[in-house]
Amino acid sequence: MYNPEAISKAFAAAAEDRSKAIAVSVERREDAEKRCPRLADITKELSAVGAGIAKTFYADEPMQSMEALANESLRLQEERKALLKAMDLPEDYLEPAYTCKVCEDKGRVNGKICACIKKRAIDISLKELAAVSPSKHCTFENFDLNFYKNIQDENGKSVYDKIKNNLEYLKAYSEDFSAESKSLYIFGKTGLGKTHLSLAVANTVIKKGFHVLYGMAGVIFSDIEKEKFKSIEGKYTMEKLLQADLLIIDDLGSEFHTSFSASVAHNIIEGRLLAGKPVIITTNLDLGGIHKQYGERIASRILGEYVPIKFEGEDIRQLKKFMY
Ligand SMILES: [Zn+2]
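Note that the structure is predicted; figures quoted are calculated from it, not measured.

The rules behind the values
- Residues numbered from 1 in each chain as written.
- Predicted model: local features only at pLDDT ≥ 70, side-chain atom pairs only at ≥ 80, totals over all residues.
- Heavy atoms only, no water.
- Pairing = 2+ DSSP bridges.
- Helix = DSSP H or I, 4+ residues; strand = E, 2+ residues; numbered from the N terminus.
- Axes fitted to C-alpha atoms, helices over the stretch in contact; angles between N-to-C directions.
- Donors = N, O, S within 2.8 Å, 3.2 Å for Na, K, Ca; no water.
- Tetrahedral: all angles 85-135°; square planar, octahedral: opposite > 155°, others 65-115°.
- Buried < 20%, exposed > 50% of the residue type's maximum accessible area, 1.4 Å probe, protein only.
- Parallel < 35°, antiparallel > 145°, perpendicular 65-115°, else oblique.
- Left-handed = near helix turned anticlockwise from the far one by under 90°.
- Contact = heavy atoms within 4.5 Å.
- Nonpolar A, V, L, I, M, F, W, Y, C, P; charged D, E, K, R; others polar.
- Salt bridge = Lys/Arg side-chain N within 4 Å of Asp/Glu carboxyl O.
- Arc of directions from axis to C-beta.
- Core = buried A, V, L, I, M, F, W, Y, C linked by side-chain atoms within 4.5 Å.
- Domains from an automatic or database assignment.

Draft legend 1. Looking closely at the sheet that holds strand S6 (residues 279–283). The strand order across the open sheet built from 5 strands is S4-S5-S6-S3-S7, with neighbouring strands paired in parallel fashion. Two strands lie at the open edges of the sheet, namely strand S4 (212–216) and strand S7 (306–311), each paired on one side alone. On average, each strand axis in the sheet is inclined to that of its neighbour by 15 degrees, with strand direction left out of account. Here 4 bridges tie strand S5 (residues 246–252) to S6, and the two strands are oriented parallel to one another. Its bridge partner being in S6, Ile249 is matched across the sheet by Ile281.

Written as C-alpha cells, this is what we have:
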C-alpha cells in the first residue's frame, strides 16, 4: 500500500508546512506582544503555571494544588482571548495554523501515520501520474460511450455494448482492486479508449491508497536499458517495476523492438507473476502479434494468466474530429 516515495515526500511537505506555521505564529506573537505587553506577561505566567502543574505530583495534596493551577491557567487564557479580541484579532491568532489539526503536521499520531500523510501521498501520486500521461482527463465519468454508437465491428454490428461492458468491468475491477486482483490484457486497435480506461483504473486505484506505476512501454524499456548498460537511474527501475501494487504498461508493442526489449518484457511479466502482483497491459497486438514480437513464453503467460479485454471497432479519434 502507498508508494513509499510519495509517503516520504508527504512527510517532507508536512514538515515544511509545520515550520512555516510555527514561523508565522512566532512573528504574530512578537508583533502582538509589542502592541500589548500584557500578552508577553501572560505567556510567561502560563509557562510558570505549566511548570507548577508538573511539580504538584510531589506536593502534599496534589489534587488540590493541581486544581488551583488549572483554574489559574484558564483565567490567563481567558484574559488573553479578551486582549486579542480588543485588538480585533481572532482568539487563536497566536497559535500556529497547522494544516492538520490532528497531528499538527508532524505526520504521526501515537506512532501511527496520520490520515493527512496518506491523503498527501495520494495527491502526490495523482500529480506524478498526470505529469507522464493525460490522466487528469481520463476518468470513468468522462468516458463518452455515445461515440461508440456509430462504430461497427468487422461483422457490421455496433460495438457500443461491448465497449460498455469493458467500461463496467474495468470500473468494478478498480473499485474492488486488491493485492489479489488479476492481470489484464487490454487489446484492440488504436483510438478506442484503451489508454483512457487504463488511466481511469490508475486514478481510481491510487485514490484507494495503492501504489500504482504507469508507463509507456517504450519509456519503461529505454529506462531499463539505461539502468543496465549505463547505470543511469530513470523514472523506471526494475526494482520499482516489481515493487508497485499495480503496474500498467501502456501501448506494449509500440516501442522500438529489440531482443533487449523482449527480454525486459519477459523479466517484468515473469517477475510480477512470481511476486503475485498484477499487471495491466494495453496493446494493439493480438496474441499472434505478442507471440511474434516477444516469443512463445510471454504469449502463453498472457493467455494463461491474464484476463483478456478486447476493444473492437474503428479509431474513435477520427470520428471525434468530424464531430467537433
Ligand atoms: Zn495529520
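Draft legend 2. A look at the coordination of the zinc ion. Coordination sphere of the zinc ion, protein contribution only: Cys100 (SG), Cys103 (SG), Cys114 (SG) and Cys116 (SG), at 2.3 Å. Between the 4 donor atoms coordinating the zinc ion, the angles at the centre fall across 103 to 115 degrees, so the site counts as tetrahedral. Between consecutive donors of the zinc ion, the numbers of intervening residues give the motif C-x2-C-x10-C-x1-C. One end of the pair, Cys103, is in the loop between helix H3 (62–86) and strand S1 (108–109); the other, Cys116, is in helix H4 (residues 115–132), with 13 residues separating them in the sequence. We note that Cys103, like Cys116, is buried.

Draft legend 3. Just the packing of helix H5 (residues 160–175) against helix H6 (residues 194–207), in detail. Between H5 and H6, the least distance of the axes is 8 Å, while the angle of their chain directions is 20 degrees. Of the possible angle classes, the one that applies to H5 and H6 is roughly parallel. Seen along the crossing, H5 lies across H6 with a hand that is right-handed. The residues of H6 that touch H5, namely those facing Leu167, Leu170, Tyr173, Ser174 and Glu175, are Leu197, Val201, Thr204 and Val205. Tallied by class, residues from the contact of H5 with H6 come to 6 nonpolar, 2 polar and 1 charged.

Draft legend 4. Region of the structure containing the pattern of salt bridges. Summed over all chains, the structure comprises 19 salt bridges. The salt bridge involving Arg75 is made with Glu79; its shortest N-O contact spans 3.7 Å. Note that Arg75 and Glu79 are positioned in helix H3 at a spacing of 4 residues, about one turn of the helix. According to the relative accessible area criterion, Glu79 is partly exposed, its value standing at 23%. Residue Asp123 is joined to Lys119 by a salt bridge in which the shortest nitrogen-to-oxygen separation is 3.0 Å. Taken together, the residues span about one helical turn, with Asp123 and Lys119 both in helix H4 at a distance of 4 residues. In this structure Asp123 comes out as partly exposed when scored by relative accessible area, which is 34%. Each of Arg38, Glu45, Glu72, Arg75 and Glu79 takes part in salt bridges that share partners, so that together they form one network.

Draft legend 5. Molecular detail of helix H11 (residues 296–305). Among the residues of H11, those classed as buried are Ile298, Ala299 and Ile302. Looking straight down H11, one finds that the buried residues subtend no more than 100 degrees of arc, so they occupy a single side. Among the exposed residues of H11, those pointing more than 90 degrees away from its buried face are Glu296, Leu303 and Gly304. Packing partners of the buried residues in H11 comprise strand S3 (183–188), helix H9 (259–275), S6, helix H10 (287–294) and S7.

Draft legend 6. Spatial organisation of the nonpolar core. Of all hydrophobic cores here, the largest spans 46 residues; its most connected members are Tyr148, Leu170, Val201, Leu246 and Ile280. Shared between two domains, this core takes at least three residues from each, and those domains are domain 1 (4–115) and domain 2 (133–323). Those residues in contact with Leu170 that lie beyond four places of it in its chain are Phe140, Leu184, Ile186, Leu197, Val201 and Ile309. Grouped together as the second largest cluster of nonpolar side chains are 28 residues, Phe187, Ile220, Phe260 and Leu285 included.

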